[in-house]
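The residues making up each chain are set out below.
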Amino acid sequence: MEYRQIGKSQVKASVITFGAWAIGGTMWGGTDEKKAIEAIRASIDAGVTSIDTAPGYGFGKSEELIAQAVAGKRNKVQLFTKFGLRRDTTEGEFFFDLPYAGKKYPIYRNSKKKSVIKECEDSLRRLKTNYIDLYQCHWRDHTTPIEETMEAVDQLLKEGKILAAGVSNFTVEDIETANKIVPIACDQPPYSMILRDIEKDILPYCREHSMGVIVYSPLQRGLLTGKFKPDHKFPPDDHRANLPQFQPEFIRAVNTFLEQLEPIANKYNATLGQLVLNWTIQQSGITAALVGARDVIQAKENARAGELQVSKEDINTIDKMLVSLAPAKVNA
């Protein structure tokens, strides 16, 4: 496994980082807590030492499961979490209604200074740690000046409660503003073979300013594993059911592309998912890729993606295949 420095900070991330959104249960059709803990432990044993989560993933459940999984191993892992999404207050900017356990919970973006400080304390408690390696603003709260938000982050850095500051889903302009207040170690945007918008501005900016980029949904929420068929039926509480990428026509087009990838995957004795992840971490400016695992088998498969030695020639061949996809589909 390769470990890369996150921007100019002293924090490193394994190129394959455990993404702990799904294990929280919300928006992913529930979770098996025992298997989730086992998956995290198997990931660590396989070299995936960085784990990314957020309070919003299961209303704190994801952080609590991580605490159980890393008990006795805190010095071997890097814990990344976030702030800025609240369900217990209407202060800030309304984001969306989150369905969970038969109810809908209004979620608000809240990045006011007092809220950031409170959320950090809550995350430290749930994670059962006295510091967070990378603390990220989950989404921009447009009712709060970025300067106020970053003043709180700066305070947490000075107090040693966090080791590095990051942002997620920020525009280049917002990153630039935040970086004037506190050193931004990295951005966390969505990115995959079929969602490459950040190549236009985010990636070039971060490369130029020596900031890390840890991408989420590199497998496009599982679509790029080839496991979905056009007639797939999702549980009612799985958010993917309504996404345009999971409609029959799009699934069919992506699966046709993945069939073309199979010979390259077979060449490296790899699954399609492993090849896709390896392609992702080989892209210029990408520090690490987040990927979730619900059980030990998935965890081990994901970890191996960081160990593949896919040649530049084959990466270039994949790039040419991607160009052949219709632009409308590549940018869906």
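Everything below is about the structure printed above this text.
Please read these numbers as outputs of a predicted model, since none were measured by experiment. (Residues numbered from 1 in each chain as written. Predicted model: local features only at pLDDT ≥ 70, side-chain atom pairs only at ≥ 80, totals over all residues. Heavy atoms only, no water.)

**Remarks on the overall build of the protein chain**
Stated formally: Strands are runs of DSSP state E lasting at least two residues, helices are runs of H or I lasting at least four, and both sets are numbered from the N terminus onward. Radius of gyration: C-alpha atoms only; globule rule: 2.2 Å multiplied by the number of residues to the exponent 0.38. Partly exposed describes any residue whose relative accessible area lies between the buried limit of under 20% and the exposed limit of over 50%, with all areas from a 1.4 Å probe on protein chains only and scaled to the type maximum. To measure how exposed things are, a 1.4 Å probe is used in the Shrake-Rupley method; for residues, cover is taken only from the protein chains shown.
Counting secondary structure elements, the protein chain contains eleven helices and 13 strands. Over its C-alpha trace the protein chain gives a radius of gyration of 19 Å, about what one expects of a compact globule, namely 20 Å for 332 residues. Projected onto its principal axes, the C-alpha coordinates of the protein chain cover approximately 55 × 45 × 40 Å. Every one of the 332 residues in the protein chain was classed for burial, and the buried ones make up 57%. Accessible area for the protein chain stands at about 14,400 Å²; split by element, carbon and sulfur atoms hold 50% of it.

**So, the sheet that holds strand β6 (residues 85-86)**
Note on sheets: strands pair through backbone hydrogen bonds, and any given pair is parallel or antiparallel. Worth spelling out the cut-off: For two strands to be treated as a pair, DSSP must find at least two bridges joining them.
Pairing is antiparallel in the open sheet, where three strands are placed in the order β6-β8-β7. With one partner strand each, in any of the chains shown, β6 and β7 (93-100) form the two edges of the open sheet. Pairing between β6 and strand β8 (residues 103-109): two bridges, direction antiparallel. Among the inter-strand pairings, L85 is bridged to a residue of β8, identified as R109.

**Observations concerning the packing of aromatic side chains**
Here is the rule we go by: Each Phe, Tyr or Trp ring, with Trp reduced to its six-membered ring, pairs with another whose centre is within 6.5 Å; inter-plane angles below 30 degrees give stacked pairs, above 60 give edge-to-face pairs, and intermediate values give tilted ones. Geometrically, a lysine NZ or arginine CZ counts as sitting over a ring once it is within 6 Å of the ring centre and also within 35 degrees of the ring normal.
A full pass over the atoms with the stated rule returns seven aromatic pairs. Residues W21 and Y57 carry aromatic rings whose centres are separated by 5.8 Å and whose planes lie at 25 degrees to one another, so their mutual orientation is stacked. Remark: Y57 occurs in the loop between β4 (50-52) and α2 (61-70) and W21 occurs in the loop between β3 (16-19) and α1 (33-45); sequence separation between them is 36 residues. For the residue pair W21 and Y57, the accessibility class agrees, reading buried in each case. Look at F59 and Y105: their rings are 5.1 Å apart centre to centre, the planes differ by 65 degrees, and that puts the pair in the edge-to-face class. Of this pair, F59 sits in the loop between β4 and α2 while Y105 sits in strand β8, placing them 46 residues apart in sequence. Joined through ring pairs, the aromatic side chains of F95, F96 and W139 make up one cluster. For R87, the ring lying beneath its charged end belongs to F59, and the centroid distance is 3.9 Å.

**Topic: the pairing of strand β10 (residues 165-168)**
Stated precisely, the cut-off is as follows: Place the viewer so that the strands point away; then a crossover is right-handed whenever the path from the first strand over the helix to the second strand goes clockwise.
Here β10 shows a buried face lined by A165 and V167 and a second buried face lined by G166 and S168. Read as a crossover between parallel neighbours, the route from strand β9 (residues 134-137) over helix α4 (residues 146-158) to β10 is right-handed. Across four bridges, β10 lies against strand β11 (residues 184-188) in parallel orientation. The partner of G166 across the bridge, within β11, is C186. Handedness of the crossover is the feature at issue here: the chain leaves β10, passes through helix α5 (residues 172-179), returns alongside β11, and the resulting connection is right-handed.

**A closer look at empty space enclosed by the protein**
Spelled out, the test is: Only protein atoms enter the 1 Å grid, on which a cavity is a set of points fitting a 1.4 Å probe that cannot get out and a pocket is an open set with protein on both sides within 12 Å along at least 5 of 7 lines, lining residues being those with an atom within 4 Å of a point. Grid points are joined across faces, edges and corners, and a volume is the space filled by probe spheres set on the points.
On inspection of all chains with the given rule, the structure shows one cavity of 30 Å³ or more. One number sums up the size of the largest cavity: a volume of about 30 Å³.

**Things to note about the layout of surface pockets**
Rules: Nonpolar residues are Ala, Val, Leu, Ile, Met, Phe, Trp, Tyr, Cys and Pro. Charged residues are Asp, Glu, Lys and Arg, and all others, Gly as well, are polar.
Approximately 200 Å³ is the volume found for the second largest pocket. Looking at the lining of the second largest pocket residue by residue, the class counts come to eight nonpolar, four polar and one charged.

**Digging into the side chain of D133**
The test is simple: Pairs of N or O atoms are called polar contacts if they sit within 3.5 Å, as long as, within protein, a hydrogen donor faces a hydrogen acceptor (for residues adjacent in sequence, only side-chain-to-side-chain pairs). We call two residues in contact when some of their heavy atoms are within 4.5 Å.
Considering the arrangement of structural elements, one finds D133 in the loop between α3 (113-127) and β9. Within polar-contact distance, the side chain of D133 engages the side chain of R74 at 2.9 Å. Polar side-chain contacts of D133 include one of 2.8 Å to the backbone nitrogen of L79. Excluding residues that lie within four positions of it along the chain, D133 makes contacts with V11, R74, V77, Q78, L79, F80, L163 and A164.

**A few points about a negative patch on the surface**
For clarity, the threshold we go by: Surface patches are drawn from residues lacking salt bridges whose relative accessible area is over 30%; two like charges belong together within 9 Å, two nonpolar side chains (Val, Leu, Ile, Met, Phe, Trp, Tyr) within 5 Å. When a carboxyl oxygen of Asp or Glu is within 4 Å of a side-chain nitrogen of Lys or Arg, the pair counts as a salt bridge. His residues and chain termini do not enter the charge count, which takes Lys and Arg as positive and Asp and Glu as negative. Every charge is mapped onto a representative atom, which is NZ of Lys, CZ of Arg, CG of Asp or CD of Glu.
Together, E173, E176, D197 and D201 line one region of the surface with negative charge. As for its position among the elements, E176 is in helix α5.

**Observations concerning the nonpolar core**
If you look at soluble globular proteins, the nonpolar side chains tend to sit buried side by side. Counted only if it meets this: In this text, buried Ala, Val, Leu, Ile, Met, Phe, Trp, Tyr and Cys residues form a nonpolar core when linked through side-chain atoms within 4.5 Å.
Grouped together as the largest cluster of nonpolar side chains are 86 residues, with contacts concentrated most on F18, I40, I51, M193 and L261. Here the element with the most residues in this core is helix α7 (residues 248-267); it accounts for eight residues. When sequence neighbours within four positions are dropped, the list of residues in contact with F18 reads I23, A39, I40, S43, V48, S50, I51, D52, V291 and A293. The next biggest cluster of nonpolar side chains, apart from the first, holds twelve residues, and it includes V11, A13, L134 and C186.

**Description of α1**
Rules: For a helix, the expected span equals 1.5 Å multiplied by the residue count minus one.
The first and last C-alpha atoms of α1 sit 19 Å apart over 13 residues, in line with the 18 Å expected at 1.5 Å per residue. All of the buried residues along α1 are A36, I37, A39, I40, A42, S43 and I44. Among the structural elements, β3, β4, α2 and α9 (296-305) are those in contact with the buried residues of α1. Two or three places before K34, at the opening of α1, D32 has a side-chain oxygen 3.2 Å from that residue's backbone nitrogen. Of the residues flanking the end of α1, it is G47, one or two places downstream, whose phi is positive at about 105 degrees.

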